[in-house]
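Remarks on the overall topology
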Amino acid sequence: MTPVHDMPQACLSTELIPLVPVAEKNIRPIKEVLEFPSSEVYVPHSIYRNLLFVYPQRLNFVNRLTSARNITIKIQFMSGEDAGSTMPVIFGKSCGPEFLQETYTAVTYHNKSPDFYEEVKLALPARLTERHHLLFTFYHISCQQKQNQPTCETLIGYS
């Protein structure tokens, strides 16, 4: 390992707050890693975090009448019932934007009961109300796009 002589550009804290302002938007950000404390915390209540980790596990569409085999889940955090109430609180991947309004799970090819291995990290608002909720939307992804369908996604259901 060699020491860093210059301060890297586009540094983000563990909460994805810019530490060094950057004029250019095309620079890949460097994110700090949040460590788990090895001993008890000596300064309690110094940082407020309200995080939620979601781990989708499995679906079973074997007994359904539809032929949904390539299944993905769209995960959103909503502040109301209408489509415009999606909140950008989902942490993005390393190579993408900081916060997203939605994220998708990976698709298992030709499987009616897929297992999922994703971890979705959300920064919850400080004040939660009874209108805040997670929305899971299930889609069948077609391998070949049909001429009369504009997208390859077919809605299966939501929860």
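Located above this text is the structure these notes cover.
Right, let's talk about the sheet that holds strand β7 (residues 102–104) for a bit. Spatial strand order, β7-β4-β9-β10: four strands in an open sheet with antiparallel pairing. Either end of the sheet is taken by a strand with one partner, and the two such strands are β7 and β10 (153–158). If you compare each strand with its neighbour and ignore which way they point, the axes differ by 25° on average. With five bridges connecting them, strand β9 (residues 133–141) and β10 associate as antiparallel partners.

Further remarks concern the side chain of threonine 103. Tracing the backbone through its elements, the reader meets threonine 103 in strand β7. Not counting the four nearest positions on each side in its chain, threonine 103 is found in contact with Ile73, Lys74, Ile75, Ile90 and Val120.

Using the criterion set out here, one finds two salt bridges in the structure. Of the charged contacts, one joins arginine 58 and aspartate 115 as a salt bridge, the two residues approaching to 3.4 Å between their closest N and O atoms. Here arginine 58, found in the loop between β3 (51–54) and β4 (71–78), pairs with aspartate 115, found in the loop between β7 and β8 (120–123); they are 57 residues apart in sequence, far enough to count as distant. Judged by relative accessible area, arginine 58 falls into the exposed class, the value being 59%. The partner of lysine 74 in a salt bridge is glutamate 102, with the nearest N and O atoms 3.8 Å apart. Of the two residues, lysine 74 sits in strand β4 while glutamate 102 sits in strand β7, which places them 28 residues apart along the sequence. By relative accessible area, which is 32% here, glutamate 102 ends up partly exposed.

So, how was this worked out
- Residues numbered from 1 in each chain as written.
- Predicted model: local features only at pLDDT ≥ 70, side-chain atom pairs only at ≥ 80, totals over all residues.
- Heavy atoms only, no water.
- Pairing = 2+ DSSP bridges.
- Helix = DSSP H or I, 4+ residues; strand = E, 2+ residues; numbered from the N terminus.
- Axes fitted to C-alpha atoms, helices over the stretch in contact; angles between N-to-C directions.
- Contact = heavy atoms within 4.5 Å.
- Salt bridge = Lys/Arg side-chain N within 4 Å of Asp/Glu carboxyl O.
- Buried < 20%, exposed > 50% of the residue type's maximum accessible area, 1.4 Å probe, protein only.

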